Amino acid sequence: MCGNPLPAWLHASKVTDVTVIVCNQTGSPEWMDMNVGQSVVIDRGELKLAYSGEPAVLLFDYDAVAKRVQSIAYDVHYIK
């Protein structure tokens, strides 16, 4: 079993001074429960957004010119 990857993602974002966006699979097909997997947005080493749970589309605002995350929360759209 793998350890928690969040510390590595935080470190990578901090040392590279860039935003790291991780989109993990969610849901519970019969072979594996993936609802525990996190999707995150890390901005310059700081965790800004995190989600785990039911399958969903996650939206957030990002300023491409300033290269900064604008949202304080995901806009979550659940998939039925």
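Everything below is about the structure shown above.
Anyway, here's the lowdown on the structure attached to this text. (Residues numbered from 1 in each chain as written. Predicted model: local features only at pLDDT ≥ 70, side-chain atom pairs only at ≥ 80, totals over all residues. Heavy atoms only, no water.)

**Remarks on the pattern of salt bridges**
- One pass over the structure, following the stated rule, counts three salt bridges.
- Across the pair Arg44 and Asp17 runs a salt bridge whose closest N-O atoms are separated by 3.2 Å. Remark: Asp17 occurs in the loop between α1 (6-16) and β1 (19-22) and Arg44 occurs in the loop between β2 (39-43) and β3 (46-51); sequence separation between them is 27 residues.
- With a relative accessible area of 48%, Asp17 lands in the partly exposed category.
- Here Lys48 ties to Glu46 by a salt bridge, and the two come within 3.7 Å at their closest N and O atoms.
- According to the relative accessible area criterion, Lys48 is partly exposed, its value standing at 30%.
- Since its relative accessible area comes to 45%, Glu46 is described here as partly exposed. (Salt bridge = Lys/Arg side-chain N within 4 Å of Asp/Glu carboxyl O. Helix = DSSP H or I, 4+ residues; strand = E, 2+ residues; numbered from the N terminus. Buried < 20%, exposed > 50% of the residue type's maximum accessible area, 1.4 Å probe, protein only.)

**Quick word on the side chain of Asp43**
- Mapped onto the secondary structure, Asp43 falls in strand β2.
- Judged by its relative accessible area of 2%, Asp43 is buried.
- A polar contact is formed between the side chain of Asp43 and the side chain of Thr19, at a distance of 2.9 Å.
- Excluding its chain neighbours within four sequence positions, the residues that come into contact with Asp43 are Ser13, Thr19, Lys48, Lys67, Arg68 and Val69. (Polar contact = N/O pair within 3.5 Å; in protein donor to acceptor, adjacent residues only side chain to side chain. Contact = heavy atoms within 4.5 Å.)

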